[in-house]
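# Coordinate analysis (summary)
This is what each chain is made of:
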Amino acid sequence: MFFNDIPALYFTTFLSFFLCLALTPVVRLVAIKKGWIAYPTKDRWHKKPTALLGGVAIYLGIAIPLFFIADFSSILPHIIRTSDHIALPSIGAVIWIGMTLLFFLGLLDDFIHIKPQTKLVGQILVASMVTFLGFRLHWFSSLTVDTTLTIVWIVGIINAFNLIDNMDGLCAGTGFIAASYLALLYAGILPEATLVSVIIAGALAAFLFYNFNPASIFMGDCGSLFIGFILSMLCLYYPEAGAANVMSLYAVPIMILMVPILDTSMVTLIRILSGRKASVGGKDHTSHRLVIMGLSEKGAVLFLYGIGAISGMAALFVNKSDTLTSPAVIIPLALSIILMGIYLSQIRIYPEKEFSALRGKSYTPILIELTYKRQLMLVILDFCLIAFAYYLSYRLRFDSNEFPVYFKIFLHSLPAVIACKFVAFFVVGIYRGVWGYMSTNDVLVYLKASALATILSVVTVTYIYRFEAFSKGIFVIDWFLTTGLLLGSRVSFMVFSDTMKRKTLAGKTVLIYGAGRGGEILLREILNNKRLKIKPVGFIDDDKLKTGKTLQGYPILGVFKDIKSHLDKYKISGMLISFNNKDPQKLKAIKEVCKANDLFLKQFSVHLEDIDLEI
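Rules used in this analysis
- Residues numbered from 1 in each chain as written.
- Predicted model: local features only at pLDDT ≥ 70, side-chain atom pairs only at ≥ 80, totals over all residues.
- Heavy atoms only, no water.
- Helix = DSSP H or I, 4+ residues; strand = E, 2+ residues; numbered from the N terminus.
- Buried < 20%, exposed > 50% of the residue type's maximum accessible area, 1.4 Å probe, protein only.
- Contact = heavy atoms within 4.5 Å.
- Pairing = 2+ DSSP bridges.
- Salt bridge = Lys/Arg side-chain N within 4 Å of Asp/Glu carboxyl O.
- Phe/Tyr/Trp six-rings, centres within 6.5 Å; stacked < 30°, edge-to-face > 60°.
- Lys NZ or Arg CZ within 6 Å of the ring centre and 35° of its normal.
- Axes fitted to C-alpha atoms, helices over the stretch in contact; angles between N-to-C directions.
- Parallel < 35°, antiparallel > 145°, perpendicular 65-115°, else oblique.
- Left-handed = near helix turned anticlockwise from the far one by under 90°.
- Nonpolar A, V, L, I, M, F, W, Y, C, P; charged D, E, K, R; others polar.
- Patch = residues over 30% accessible without salt bridge, like charges linked within 9 Å, V, L, I, M, F, W, Y side chains within 5 Å.
- Areas by Shrake-Rupley, 256 points an atom, 1.4 Å probe, with all protein chains shown as cover.
- Right-handed = clockwise from strand over helix to strand, strands pointing away.
- pLDDT = per-residue confidence, 0-100.

### Some remarks on the overall build of the chain
- A tally of helices and strands in the chain yields 23 helices and eight strands.
- Burial statistics for the chain: of 615 residues in total, 49% are counted as buried.
- Of the contacts formed within the chain by residues at least 6 apart in sequence, a portion of 74% connects residues at least 24 apart.

This is the structure in structure tokens:
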């Protein structure tokens, strides 16, 4: 067939790329002349009028080459059924029909803004057509359950890509990465699926020339809907590639599309819990939260590209691995994504009046538990970390031939090891610490807890199993892994919290005079007290040896006489004195500089005041 010809494969790939590359500026020009422009609104992220309907160029770049290689005749036996056992039709033909229907549905929405329920009906009809033609996820043995879930999968991914079309280059770039990994996944196994994957990758790569920040054209719903459909179909086709193991059957499609799935799941859940409609747009997506943290728009998009790339590589690894090896990749990736979702969900987006919708609801106690009694979440996290560390110890200790034998020992001893470790954690007191804070003493507590947990595990295993068929090296590796994962997870909470505080600081820019202990305490107070509305840019200090160094991540810019060179560069509004030494001459000099440059001057001090006990 046509798609078995390698030169033809390259030809169609470049054809889709150059078609989209040439047609996009034409579409943009027409859109501008006709006034098909997206204007900035309060619930949209872009800040300048931008041409719409870029999806037209993407559609033509994909539909034209795909039309000539799709076998539409393979669909007829499914319409005129002559047998109960009919081979799946050409995936290229099914994708071409489905993407065309969704293209016109999206085009209609771009022009007249049809109701969400109308779009949903159209998407369900297309998904139902796919299942009618025999495509299913094959996640469940029940045909009814599996068919229903397949429809949900297709509709869900369509809307997921529609939702991530919220920042320049995000939807197109994420789609390009997913399509590229799908091409690698199917290469040499499913030629037609490989061809479809490279066609969409070529078109999206070309569109990124115009859509990456700063974008000159948006794809609109006429692009994002069918892109989501194509990628959902290509992932749906994965069982035909002969999944290496049962775990990969579920994990690979999800990992390939991790970014849109993460964003849609998080946004939908938070909107529902905040009393908002999930279908209403807003600036609360993953990309928006990353920008609020302090990343640039390009930085946020590239960060999500990175997640998609890492998750895609993990999918390729799982595809080639067995059931016993796959968890070594799936579990840490899942934990990382869950932790990132938890971190980002803590960023306040909605005003307080919207959060008040949570009060009085049936799930309020659960939210309070998760928000204010976060030790519960730590216990659940530690449960996952303990099990994973013990599993990975076996995976690292034994090779592929030995591991299946020792895996049974791992399963038998896992409950005892989990119990021993939790007993040690509670006895030593790692759950008594305050969330988000960690000192040197806390690190010692974690080391003691991990050591005691390992000792108890060895004693228990020796008593119950007489340490038969166990390896001492397992528990050494397990101690290192458990300790590293425990400390790493806690440090990650601190790093995220501190980064978020620094990146979201807003207010008058100031210089801190004094890079000593007082300056460090003052900086911590500024970071933890946003009501001060102060944003430090760095320190100055009388000690020349400190110049060029940093204190808590902020630069020590120089000595006092260098201050004038920093005023215009950093647009300084004021100065904070962090030391208590009230040298009259020094204070006079500081006042003169502040007065001459119209700067405010404040002094920081920590002091205790007596309170009159008389009531």
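### With respect to the sheet that holds strand E3 (residues 508-513)
- Within the open sheet, the six strands sit side by side as E5-E6-E4-E3-E7-E8. Their pairing is mixed. The sheet is open, and its two borders are formed by strand E5 (550-551) and strand E8 (600-603), each paired with just one other strand.
- Here strand E7 (residues 574-577) runs beside E8; their pairing, made up of four bridges, is parallel. Counterpart to Gly574 in the pairing with E8 is Phe600.

### Structural notes on the pattern of salt bridges
- Tallying each qualifying case throughout the model produces nine salt bridges.
- The partner of Arg490 in a salt bridge is Asp382, and the shortest N-O contact between them spans 2.7 Å. Of this pair, Arg490 sits in helix H20 (residues 472-503) while Asp382 is found in helix H17 (residues 375-397), placing the two residues 108 residues apart along the sequence. By the burial criterion, Arg490 is buried, and Asp382 matches it.
- The shortest N-O distance in the salt bridge between Lys421 and Asp478 comes to 2.4 Å. Placement of the pair is Lys421 in helix H18 (residues 403-428) and Asp478 in helix H20, with a sequence separation of 57 residues.
- Using a relative accessible area of 1% as the deciding quantity, one classes Asp478 as buried.

### Some remarks on the packing of aromatic side chains
- Evaluated as defined, the whole model comprises 31 aromatic pairs.
- An angle of 40° between the planes, with centres 6.0 Å apart, marks the rings of Tyr394 and Phe398 as tilted.
- The buried category is assigned to Tyr394, whose relative accessible area is 1%.
- Among the aromatic residues, those joined into a cluster by ring pairs are Tyr390, Tyr391, Tyr394, Phe398, Phe403, Tyr406, Phe407, Phe410 and Phe475.
- Sitting over the ring of Phe403, Arg395 keeps its end group 4.1 Å from the ring centre.
- In this arrangement the basic side chain of Lys602 is found over the ring face of Phe600, its NZ or CZ atom lying 5.5 Å from the centre.

### Some details on the packing of helix H4 (residues 91-112) against helix H9 (residues 221-236)
- The interhelical angle for the contact between H4 and H9, taken along N-to-C directions, is 155°, at an axis separation of 7 Å. In terms of their interaxial angle, H4 and H9 are classed as roughly antiparallel. As for how H4 packs across H9, the hand of that crossing is right-handed. Together, Ile91, Val94, Ile95, Gly98, Met99, Leu102, Phe103, Leu105, Gly106, Leu107, Asp109 and Asp110 of H4 and Asp221, Cys222, Leu225, Phe226, Phe229, Ile230, Met233 and Leu234 of H9 make up the contact between the two elements.
- Residue classes in the contact of H4 with H9 are distributed as 15 nonpolar, two polar and three charged.

### Observations regarding the packing of helix H12 (residues 286-293) against helix H13 (residues 297-320)
- Contact pair H12 / H13: the axes reach a minimum separation of 9 Å and the direction vectors enclose 130°. For the element pair H12 / H13, the angle class is oblique. Between H12 and H13 the crossing geometry is right-handed. Of the residues in H13, those in contact with Thr286, Ser287, Leu290 and Val291 of H12 are Glu297, Ala300, Phe303 and Leu304.

### Points about a nonpolar patch on the surface
- A contiguous nonpolar surface patch, about 430 Å² in accessible area, is contributed by Leu76, Ile79, Ile80 and Phe132.
- Here Leu76 lies in helix H3 (residues 76-79).

### What about helix H10 (residues 246-256)?
- Buried within H10 are the following residues: Ser248, Leu249, Ala251, Val252, Pro253, Met255 and Ile256.
- At its buried positions, H10 is contacted by helix H6 (143-163), helix H7 (170-186), H9, helix H11 (258-273), H13 and helix H14 (327-345).

### Looking at the environment of Thr499
- Note on placement: Thr499 falls in helix H20.
- Note on Thr499: relative accessible area 27%, which makes it partly exposed.

### Topic: the side chain of Asp109
- For Asp109, the position within the fold is in helix H4.
- Setting aside its immediate chain neighbours within four residues, Asp109 contacts Ile114, Lys119 and Asp221.

### Considerations on the environment of Ala506
- Here Ala506 lies in the loop between H20 and E3.
- The spacing of Ala506 and Lys533 is 27 residues in sequence and 6.0 Å in space, taken between C-alpha atoms.
- Dropping the residues within four chain positions of it, Ala506 is found in contact with Lys533 and Ile534.

### Observations concerning the pairing of E7
- Residue alternation in E7 divides its side chains into two sets, Gly574 and Leu576 and Met575 and Ile577, and both sets are buried.
- With four bridges connecting them, E3 and E7 associate as parallel partners. Along E7, the bridge assignment pairs Tyr513 with Ile577.

### What to know about unusual backbone geometry
- Of note, the bond from Asn213 into Pro214 is cis; its omega dihedral lies within 30 degrees of zero at 0°.
- Examined against the element boundaries, Pro214 turns out to sit in the loop between helix H8 (191-211) and H9.
- Its identity as a non-glycine residue notwithstanding, His113 has a phi of 55°, on the positive side.
- Within the secondary structure, His113 sits in the loop between H4 and helix H5 (116-132).
- Located in the positive-phi region is Gln552, a residue other than glycine, with phi close to 55°.
- As for its placement among the helices and strands, Gln552 is situated in the loop between E5 and strand E6 (554-558).

### A look at the pairing of E3
- With five of six residues buried, E3 is to be regarded as a mostly interior element.
- Direction of pairing for E3 relative to strand E4 (residues 534-540): parallel, over a ladder of six bridges. Counterpart to Thr509 in the pairing with E4 is Lys535.
- You can see the chain leave E3, run along helix H21 (residues 517-528) and come back into E4, and the turn it takes is right-handed.

### Quick word on the confidence of the model for the chain
- Per-residue confidence for the chain averages 84 on the pLDDT scale, and 90% of its residues sit at or above 70.
- Looking at the elements of the chain, mean pLDDT is at its lowest for helix H16 (residues 364-372), recorded as 43, and at its highest for H7, recorded as 95.
- Counting interchain partners and residues more than four positions distant, the pLDDT-below-50 stretch residues 352-373 has 20 contacts.

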